[in-house]
Amino acid sequence: MKNVVWSGTWVAERLGVELVGDERLTELLGLALRRNPKRAHLLVSNVLGKHVPQFPSVVHGHGVALGRRVRDLLGEEEAGHAVVLGYAETATGLGHSVADGLGPVPYLHSTRRPVEGVARAGGFEESHSHATSHLLLPEDPVLLAGDGPLVLVDDEFSTGNTVMNTIRDLHERYPRERYVVVALVDLRSPADLGRLEDFAQQIGARVDLVAAASGSVKLPEGVLEKGQELVARHETPVRPEEAHGTITRVDLGWPHGLPEGGRHGFTPEHRSRLERALPAMAARLARALPAGARRVLVLGFEELMYAPLRLARELEETVPAEVRYSTTTRSPVLAVDDPGYAIRTRIVFPAHDDPADGPGERYAYNVAGAGFDAVVAVVDSVADTPRLHAPGGLLDRLAAHTPHVLLAVVPAYVPAPPPHVAASSESSAMLPEPLRGPAFSSYAPDEVGWLLQDLSDVTLEAPTEEREEAIQSGGAHYAESLPVEYQPSEQYQELFHAALEASAARLAQAVGVVTETILAERSPRPVLVSLARAGTPVGVLMRRWARHRHGLDLPHYAVSIVRGRGIDANALRYLADRYDPSDVVFVDGWTGKGAIARELAEAIREFEASDGITGFDPEIAVLADPGSCVRTYGTREDFLIPSACLNSTVSGLISRTVLRADLVGPHDYHGAKFYRELAGADVSVAFLDAVSARFTEVEEAVDLQAKELLAGDRTPTWEGWAAVERISEEYGIHDVNLVKPGVGETTRVLLRRVPWKILARAGTGTDLDHVRLLAAQRGVPVEEVDGLPYTCVGLIHPQYTRGATGADGKAVAG
C-alpha cells in the first residue's frame, strides 16, 4: 500500500509542533502557517469543508454523527428542547449538520455581518481570530431564551475561551441549566482541561463536551516568532493568471422566503422545506454541468456553508462525477506546494459583499491545480456584486483554474420589517430587550418576555383605603401606586389548590379552544402578547398548548395597558420593529364588562394616528368571555379561573403595572415590581403545570368545541356592559367603573380595592367558595340575586372615605 504523507509534516518538522492524542487526529487534521500575528499555526481540518475540498457526504456525515452523539447524551426528551448554536465563519455548516443529527431542533449561527433592522440578541469575542466580533441576530429573540440545552458547535476546542465567552454572555441574559459543547477535535492543553468544569460550577450549570477526537498540540518555545520567519521566507507574491474558463449563471429555483442558513435562525420547518427542494435544485445544477465532467467542486462562500454543502451532497448522489465541497474564507494562510503541507495552493480575490469591517483579501484554498473540470460557486445575493464579476474578482480567478465556472446565487434572507418600521426605527432602537425570568419573574425565560421596566426598588405600595380615597376623589390614578400585596391565609391557600384541582381540565379545554381558534383564524404563527398581569398566565398556557399540540414555539410577551391611559406605546413599537403587527394577538384572562376591550381598541386607533403603524388587531383573545365582549374565547361561562384567586403569587411574582410620570419617561416601558421576597408562597408554575398536565385528556373535546365555535356566530352582544349599567343605577352607584362583574373581577375587588358588597347569582355553588371566604374575612356582605347574568358581581364602595362603612347596603351620600 502506498504511504500517504501526513499533511502536517512540513510544519511539524520546521517548527517542532507536535499533535499528540487519538490516532484519528492526523486523519482529521493537517497543519499550515497562519499569516496572523497572534498565532503561528493553523489546524487544517480535512473533514470540515473549509480549506480542503472534501466529499460532501464526509463533511455532512461527521456533523450528523456528532449530533447523534449529543442526542444520545441528552436523551430524546431533553434533546427535543435543545437549540444549536454554531460559530462563524468556520463552523456554520458543521453546526447545521450537528442540528440535523440531533433532530428537529432550531439552529442559529453567529455572524460577522450586521443586518440593518435586526436586533442583536448577543455577541462575543474570539481572541485568537483575525476577525473577532461575533453577532447573534435571531429573527425571533425567544430562540435563545428557552430552558432546554444549548448546544454550541465549533470546529476545534482548544483553550475554551470562545465557548466560555459565549456562555457567559448568554447565561447572563438567558440562564439555563445545561450546555453541550461540540467540536470535531478537543485539543485542550493539560492546563486548560479543568477550566470548563470550574466555569460550569461558577455559573451553576452543567457543561458537557462531545468531540470526534481528542489530544493536544505541543508548541515549542518561540513558535510564534519562528512561524512568522517561515511565512516571510516562503510567502510569494500573487501572480494573476489569465482567465480562460466560461462563467455561466444557474437559476437554482431557491424556495421563496426560505433562509439560506442560520444567520437569523433555521427552524425544523425550514429544514423540511429545504429537503423537499434539494432534488430539483441539484437537477438544475446537473443539467448545467459540462458533459463528461469528471471532477466537480461546489464552492461555498464564507459563512454560507450549509446550503452549498447540501447542494453538493445532493449533486454527489445525482451525477457520475466526483463531487467535492469547500468554501472561500477570510482566513489568511500561507500556501506551500508540498505533499506534507495542508494548504497547497491559494486563490486571492477582493471581498465582494460590502463587509462591515471594510474591503480586504479573501481566499480559496486547494482549488488551483486540483484538476476540477467545473466549479460551482454558491454565494448569497448580498455577495452578488460587481466586484464578484470584475477582473480579478472571485469568478475571474476561478476561471483561470477551471474550464467551467457556474454561479448559483441564493437569496439572502433578511427578516422583513413591516413597511411602517422606518417611522419608528429610531425610537424603537432605543428600547431595551424584554425582561425575563429568573431575573424578573419566576417564569422560565422562554415562557414570556416582559416589555416592562423593573421598579422593584421603588416604594409604590399604599394602604388599600388610602388608594381608594385618592382614586375616587380624583387625586390619583389607580396605576400610580400599588396595593399592599394580599397574603392569603392557610385556609384560603387550601381553597385555591382545591379549586385548581377541580377546574384544571375545564381550564385546559378553554386554553385549547382559544388557541386553536387563533391558529385557525388569526395567524398560523401568532405572536402572543398578554395584557399584564392577568393575561400572562393565560398567554403562557396558550404557548404551551401550541407547542404540545402543534410543535410550535410561539413568541410571547407581556405588555401594560392602563384604563384611561391606554396601552404602552413603546411596547407596541418594540413589537412592530420585530414582527408583522398582523401576527400579534392580544391575550387577557377574561372579560368583565369589556372595558379593557374598548380601551385597547381606542389605544390602537391613537397609536396608528400618532406613529403611522398599522396592522395591530385590537380584538382580545380571552380564556373566558362571560360578558360577551369579544369573538375569540375559550368559553363564555363565568366560572372560577384559579389564577384570579391570587395576586402576584400566581402571576410570576409580578405586581400590577405602574404608570407614573416621574418614573416612566417618553422612551420607557410602563413599570412593575418583582416580589422576590414572596418566593415561598409562589404557585405560578404549579398553576401552569397543573393545567398543562390535562392537555392530553381534553384534546378530543377541544377539537369538537373549536370546530363548533368556528362554525357558529360569535358576534359580541355586550350583554355584560348592559348588565353593569343596570346594576350601577339600581344600587345608586352611578359609575360603571365601580361595578366589577364576573368571578375574576369580583375576586380582584376583594383582594385590592375597598369592597362594598358582593352580588351572587342565587344557587351558585363551589365556584364562589373563595369569594365567600374573602368576603367574610373583610366583613363584606354577600347578597344573592335572582337572574344575575354573571356568577357574581363585586361592588366597590362608592364615594369612598375612610369614615364610610356602607354596611347597610346603601350608597354613601357625598
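Structure shown above.
Each chain has its residues counted from 1, running along the sequence as written. With the structure being a predicted model, the display of local features is reserved for residues of pLDDT at least 70 and the display and counting of side-chain atom pairs for 80 or more, all residues being used for whole-chain, interface and lining totals. Heavy atoms from the whole structure form the basis of all side-chain values; hydrogens and water molecules are not counted.

A. Broad picture of the overall build of the chain. The secondary structure listing takes helices from DSSP runs of H or I that are at least 4 residues long and strands from runs of E that are at least 2 residues long, numbered from the N terminus. Counting its regular elements, the chain contains 23 helices and 32 strands. With respect to the three principal axes, the spread of C-alpha positions in the chain is 105 × 55 × 50 Å. Only protein chains enter the calculation, and the probe is 1.4 Å; a residue is then buried if its accessible area is under 20% of its type maximum, exposed if over 50%, and partly exposed in between. Looking at the chain residue by residue over its 814 residues, the buried ones come to 60%. Across the chain, the fraction of contacts at a sequence separation of at least 24, relative to all contacts at a separation of at least 6, is 77%. Working definition of accessibility: Shrake-Rupley area with a 1.4 Å probe, residue cover restricted to the visible protein chains. Of the roughly 31,200 Å² of accessible surface on the chain, a fraction of 50% belongs to carbon and sulfur atoms. The averaged location of the 111 negative side-chain charges in the chain is 3 Å from the averaged location of its 80 positive side-chain charges. Pairs of residues are marked as contacts when any of their non-hydrogen atoms sit within 4.5 Å. We count Lys and Arg on the positive side and Asp and Glu on the negative side, and we leave His and both chain ends out. Throughout, a charge is located at the NZ atom of Lys, the CZ atom of Arg, the CG atom of Asp or the CD atom of Glu.

B. Here's a closer look at the sheet that holds strand β13 (residues 322–328). At least two DSSP bridges between two strands are required for those strands to pair. Within the open sheet, the five strands sit side by side as β11-β17-β16-β12-β13. Their pairing is parallel. Across the chains shown, the open sheet's two edge strands, defined by having one partner strand only, are β11 (246–250) and β13. Averaged over all adjacent pairs, the angle separating strand axes in this sheet is 20 degrees, with direction ignored. Note: strand β12 (residues 295–301) against strand β16 (residues 374–380), four bridges, orientation parallel. When the sheet's bridge partners are listed, Leu299 is paired in β16 with Ala377. Orientation is described by lines fitted to C-alpha atoms, with helices fitted over the stretch in contact, and by angles between N-to-C directions that extend from 0 to 180 degrees.

C. Focus on the sheet that holds strand β29 (residues 739–741). Strand order in the open sheet formed by four strands is β29-β32-β30-β31, and the pairing between neighbours is mixed. Edge positions in the open sheet fall to β29 and β31 (782–785), since each of these has one partner strand only. Put simply, the sheet's adjacent strands are angled 20 degrees from each other on average, direction ignored. Where strand β30 (residues 755–761) meets β31, four bridges bridge the pair, whose relative direction is parallel. By the bridge assignment, Ala760 is partnered in β31 with Glu784. Relative to β29, helix α21 (residues 719–730) is tilted by about 140 degrees, and along the sheet it contacts β29, β30 and β32 (792–796).

D. Just the environment of Val793, in detail. You can see Val793 is positioned in strand β32. For Val793 and Leu528, which are 265 residues apart along the polypeptide, the C-alpha to C-alpha distance reads 29 Å. With residues up to four places along the chain from it excluded, the contact list for Val793 reads Ile727, Val739, Lys740, Pro741, Gly742, Thr746, Lys757, Ile758, Leu759 and Leu788.

E. Geometry of the pattern of salt bridges. For this analysis, a salt bridge means a side-chain nitrogen from Lys or Arg found within 4 Å of a carboxyl oxygen belonging to Asp or Glu. Scanning the entire structure with this criterion turns up 49 salt bridges. A salt bridge links Arg310 to Asp100, with the nearest nitrogen and oxygen atoms 3.8 Å apart. Here the residue Arg310 occupies a position in helix α10 (residues 306–318), and Asp100 occupies one in helix α5 (residues 92–102), the gap between them amounting to 210 residues. Put simply, Asp192 and Arg195 hold a salt bridge, and the shortest N to O gap is 3.5 Å. Judged by its relative accessible area of 15%, Asp192 falls in the buried class. Overall, Arg195 belongs to the partly exposed group, its relative accessible area being 32%.

F. Looking closely at the nonpolar core. What makes a nonpolar core is a set of buried Ala, Val, Leu, Ile, Met, Phe, Trp, Tyr and Cys residues whose side-chain atoms join them at distances within 4.5 Å. One finds Leu33, Val151, Val182, Tyr341 and Leu398 to be the most contacted residues of the largest nonpolar core, which totals 133 residues. By residue number, the principal contributor to this core is strand β9 (residues 178–186), which donates seven residues. Not counting residues up to four positions away in its chain, the partners in contact with Leu398 are Leu299, Ile347, Val367, Val375, Ala377 and Val405. Membership of the second largest hydrophobic core comes to 105 residues, among which are Ala558, Tyr574, Leu623 and Val743.

G. Structural context of the side chain of Thr635. With respect to the secondary-structure elements, Thr635 resides in strand β27 (residues 632–635). With relative accessibility at 10%, the residue Thr635 sits in the buried group. Here a polar contact is taken to be a pair of N or O atoms separated by no more than 3.5 Å, where protein atoms must pair a possible hydrogen donor with a possible acceptor and residues adjacent in sequence count only if both atoms sit in side chains. Reaching out from Thr635, the side chain makes a polar contact with the backbone nitrogen of Glu637 at a distance of 3.1 Å. What Thr635 contacts, discounting residues up to four positions off in sequence, is Ala510, Leu623, Ala624 and Asp625.

H. Representation of the pairing of strand β25 (residues 584–590). For β25, a buried count of seven out of seven residues is recorded, marking the element as mostly surrounded by other parts of the structure. One ladder, built from four bridges, connects strand β22 (residues 527–532) with β25; its direction is parallel. Within the sheet, the bridge partner assigned to Ser530 lies in β25 and is Val587. Summarising the sheet, β25 and strand β26 (residues 620–624) pair through four bridges and their orientation is parallel. Residue pairing across strands places Val587 opposite Ala621, the latter belonging to β26.

I. Fine view of the packing of aromatic side chains. Any two rings among Phe, Tyr and Trp, with Trp reduced to its six-membered ring, count as a pair given centres within 6.5 Å; such a pair is stacked if its planes are under 30 degrees apart, edge-to-face if over 60, and tilted if neither. Here the structure, examined in full by the defined rule, presents 11 aromatic pairs. Aromatic pair Tyr363 and Tyr365: ring centres 5.8 Å apart, planes at 10 degrees, arrangement stacked. With a centroid separation of 6.1 Å and 75 degrees between ring planes, the pair formed by Phe440 and Trp450 is classed as edge-to-face. Taken together, the residues Phe440 in the loop between α13 (421–429) and β18 (449–450) and Trp450 in strand β18 connect sequence positions 10 residues apart. Judged by relative accessible area, which is 0%, Trp450 ranks as buried. When the NZ atom of lysine or the CZ atom of arginine is within 6 Å of a ring's centre and also within 35 degrees of its normal, the charge is said to sit over that ring. In this arrangement the basic side chain of Arg324 is found over the ring face of Phe55, its NZ or CZ atom lying 3.9 Å from the centre.

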